[in-house]
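Structural characterization, general
One-letter residues, chain by chain:
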Amino acid sequence: MPKLGHTPLSVLDLAPIRAGGTPSDAFANMVDLARTVERLGYNRFWLAEHHNMPGIASSATSVLIGHVAGATKSIRVGSGGVMLPNHAPLVIAEQFGTLEALYPGRIDLGLGRAPGTDMLTTRALRRDLTDDADAFPRNVQELLALLAPAGEGQKVRAVPGSGSNVPVWLLGSSTFSAQLSGLLGLPFAFASHFAPQQLKEAIAVHRHYFRPSEYLQKPYIMVGLPVIAADTDEKARFLATTQFQRLVNLVRGKPTVLLPPVESMDGLWDEREEAYVASHLGVAAIGGPETVAARLESFLVETGADELMITSDFYDHADRIHSFEIVAEARRQSALVEPLRAAG
């Protein structure tokens, strides 16, 4: 029986900058997308922290979360994620405590343990590069304590933040955060939208190690999925070449803005680069409405995910909006089919 009809769908945005565009254009498109997916019934709208990436404008993640939350009414808005090694836990507790005070019940705090950039930029962020293996778990627990009600005699408090209990997620592309989120009883989001290789193993690890907590009583897993949906399979494959070009430039160490789609990738990548793109997009749904709907259904069967977080690279904003409309319609149609099958 289809699961798509009753699976929450969410959006991961990087505020992408396209060729000929500006960060201001990217932010206007970001808000338009957030309003659109809110109207379509999507559950969350998350923004990801990256640095020194010419085509990604979401570096000041908490600022953009506030901007999106202020421009929408009901959709949850959060980070997918904040790269915690770049920040003091107290600063993040204050930022997200402020956001929660401004938009009560709508803010999520997803945490990653990578810097979200290259090593040179990592140094420019003034990170302590001597962190030990326990630094991330220790910082996560410190942050959780700062967001919880302050204890008697507690000398350092997040103001705002203390007692806000902003929901915290752990993000990862390996089994590390899968295990840690299970041990801490936190929800887990797996980054299969760009690193699907350990997806099934990470899901199994999270479920195996999960301990009920004050935050969560049973495992909850959201998985990332790249989606390029269009009116036909042929058009979707054409539009996907924007994402292919971005990944090719990334593996060459030359990240760039979003480029217009091309009729063929012949001559634009070599065999190694084509294999990298195929690996990176290993779980992607690329195609027309029927193809994408079938892929979403099969992906849910394969993973047993509790929620899907969709990310999409398009050169043209209108094409991107249409892709999310196609996915929402696929979910609506699936919801209609389920009671009919049950009745039959």
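Scroll up a little and you will see the structure.
Below, the structure is looked at part by part. The shown structure was predicted, so the numbers you read here are calculated from the model rather than taken from an experiment.

Rules used throughout
- Residues numbered from 1 in each chain as written.
- Predicted model: local features only at pLDDT ≥ 70, side-chain atom pairs only at ≥ 80, totals over all residues.
- Heavy atoms only, no water.
- Phe/Tyr/Trp six-rings, centres within 6.5 Å; stacked < 30°, edge-to-face > 60°.
- Lys NZ or Arg CZ within 6 Å of the ring centre and 35° of its normal.
- Salt bridge = Lys/Arg side-chain N within 4 Å of Asp/Glu carboxyl O.
- Helix = DSSP H or I, 4+ residues; strand = E, 2+ residues; numbered from the N terminus.
- Buried < 20%, exposed > 50% of the residue type's maximum accessible area, 1.4 Å probe, protein only.
- Contact = heavy atoms within 4.5 Å.
- Axes fitted to C-alpha atoms, helices over the stretch in contact; angles between N-to-C directions.
- Left-handed = near helix turned anticlockwise from the far one by under 90°.
- Nonpolar A, V, L, I, M, F, W, Y, C, P; charged D, E, K, R; others polar.

Here's the deal with the packing of aromatic side chains
- Taken as a whole and assessed by the stated rule, the structure comprises five aromatic pairs.
- One aromatic cluster is present, formed by Trp46, Trp169 and Tyr220 through successive ring pairs.
- Over the face of the ring belonging to Tyr315 we find Arg18, whose NZ or CZ atom lies 4.3 Å from the ring centre.
- It is Arg113 that lies over the ring of Phe176; its NZ or CZ is 3.8 Å from the centre.

Overview of the pattern of salt bridges
- Counted under the stated rule, the structure contains eight salt bridges.
- Linking Arg252 and Glu273 is a salt bridge whose minimum nitrogen-to-oxygen distance equals 2.7 Å. Pair noted here: Arg252 is in the loop between helix 9 (241-251) and helix 10 (271-280) and Glu273 is in helix 10, with a separation of 21 residues, a long-range link.
- Among the residues examined, Arg252 registers a relative accessible area of 40% and is labelled partly exposed.
- A salt bridge links Glu329 to Arg332; the shortest N-O distance between them is 2.9 Å. Linking Glu329 with Arg332, this pair stays in helix 12 (residues 317-343), spanning three residues, or about one helical turn.
- A residue is classified by how much of its surface remains accessible, and Glu329, at 33% relative accessible area, is partly exposed.
- Here the salt bridges share partners, and the residues they tie into one network are Arg44, Arg76, Asp108 and Glu307.

What about the side chain of Arg295?
- Of note, Arg295 is situated in helix 11 (residues 289-303).
- A relative accessible area of 18% means that Arg295 is categorised as buried.
- In contact with Arg295, other than residues within four places in its own chain, are Gly282, Val283, Ala284, Ala285 and Glu302.

Re the packing of helix 5 (residues 135-147) against helix 6 (residues 176-184)
- Packing of helix 5 against helix 6 leaves a shortest axis separation of 12 Å and a crossing angle of 35°. The hand of the helix 5/helix 6 crossing is right-handed. Taking contact as the criterion, the partners of Phe136, Pro137, Val140 and Gln141 in helix 5 are, on helix 6, Phe176, Ser177, Leu180 and Leu184.
- When grouped by side-chain class, the residues that make up the contact of helix 5 with helix 6 number six nonpolar, two polar and no charged.

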